[in-house]
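Here are the chains, one letter per residue:
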Amino acid sequence: MIMKKLSLMILALVLGTTAFGQKFVPTINGNSVISYTFTQNDGQPIPLTLTITSLGAPTKMDWSIDGYGNGSYEMSAKALESGKGMSIATPQPDILTKLPDYKTVACISKEAFNNLVKTQAFEYDDLKYSVTKTDVSLMLNDKPLDVFHAVATNGKGELWILNNPDFPLICKTKDNAQGVDLNLVSVK
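Everything in this summary refers to the structure shown in the same document. Just so it is clear, the model here is predicted, and its values are computed rather than measured. Each chain carries its own residue numbering, running from 1 in the written order of its sequence. Per-residue local features are limited, in this predicted model, to residues with pLDDT of at least 70; the limit for side-chain atom pairs, both in listing and counting, is 80 or more; totals at the level of whole chains, interfaces and linings are taken over all residues. Side-chain measures were taken over the full set of non-hydrogen atoms in the model, leaving aside hydrogen atoms and water.

The next subject is the layout of surface pockets. Volume-wise, the largest pocket comes out at about 240 Å³. Two kinds of site are reported from a 1 Å grid over the protein atoms alone, namely cavities, where a 1.4 Å probe fits but cannot get out, and pockets, open sets with protein on both sides within 12 Å along at least five of seven lines, and residues are called lining when an atom falls within 4 Å of a point. The wall of the largest pocket is formed by 15 residues, among which Lys23, Thr132, Thr134, Val147 and His149 lie closest to the centre. A run of DSSP states H or I qualifies as a helix once it reaches four residues; a run of E qualifies as a strand once it reaches two. Both are numbered from the N-terminal end. The element that contributes the greatest number of residues to the lining of the largest pocket is strand S12 (residues 147-152), accounting for three residues. Grid points are joined across faces, edges and corners, and a volume is the space filled by probe spheres set on the points.

Right, here's the structure in full:
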């Protein structure tokens, strides 16, 4: 009887440790609300909320920036599949911003993600990135996110990309060449 209890306690401890060590991948779907802070060159963090209203052909997102306004993005299925760059410029309020087929918003394309996984490198916005190991964990809801950390080969820019082949969300940028950095706050 004591052996059985001891075995059950050891099994519970092992399973608990395994669950604790797993990294978190939040679900991104057609009603997800993604909150960021974005920081421009002046260093002032500004709240940005993206609400995905549809995923697919096309992907539509409503955006809201405190103190600035609201609007919408439309990203084509082709952009999500094989886009080569990200739109990070501040959009105009009260309009639908239709992105060209080669631009994504808040994510990299599935093709870039596949390259990242297969070769540990990819190109985006005419910059080459290589996946690197980092000791820094990105946390969301007190859980470590399952992300890839990529550094531009010219040393100017870093990306943390969610390990999600369906929607490779950009969780964080640092020293972005476009002058705006993002930091993921929540996904609901």
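Okay, back to it.
Below, the discussion takes up unusual backbone geometry. Residue Pro58 is bonded to the preceding Ala57 through a cis peptide linkage, with omega at -5°. On the secondary structure map, Pro58 appears in the loop between strand S2 (45-54) and strand S3 (59-65). If you check the backbone angles, Ala106 has positive phi at about 70° while not being a glycine. Take Ala106: it is sitting in the loop between strand S7 (103-104) and helix H3 (110-119). Within the chain, Gln120 stands out as a residue other than glycine whose phi angle is a positive 60°. Among the secondary structure elements, Gln120 is positioned in the loop between H3 and strand S8 (121-124).

All right, on to the pairing of S3 then. With burial as the criterion, only one face of S3 is covered, namely that bearing Thr59, Met61, Trp63 and Ile65; the residues Lys60, Asp62 and Ser64 on the opposite face remain uncovered. Relative to S3, S2 runs antiparallel, the two sharing six bridges. Paired with Leu48 across the strands is Ile65, a residue of S3. Between any two strands, at least two bridges found by DSSP are needed for them to pair. As paired strands, S3 and strand S4 (residues 69-75) are joined by seven bridges and run antiparallel to one another. In the strand pairing of S4, Lys60 is matched with Glu74. Linkage of S3 to S4, two consecutive antiparallel strands, is achieved through a turn of three residues, within which Gly67 is found at a positive phi near 80°. Only protein chains enter the area calculation, which uses a 1.4 Å probe; residues under 20% of their type maximum are buried, those over 50% are exposed, and those in between are partly exposed.

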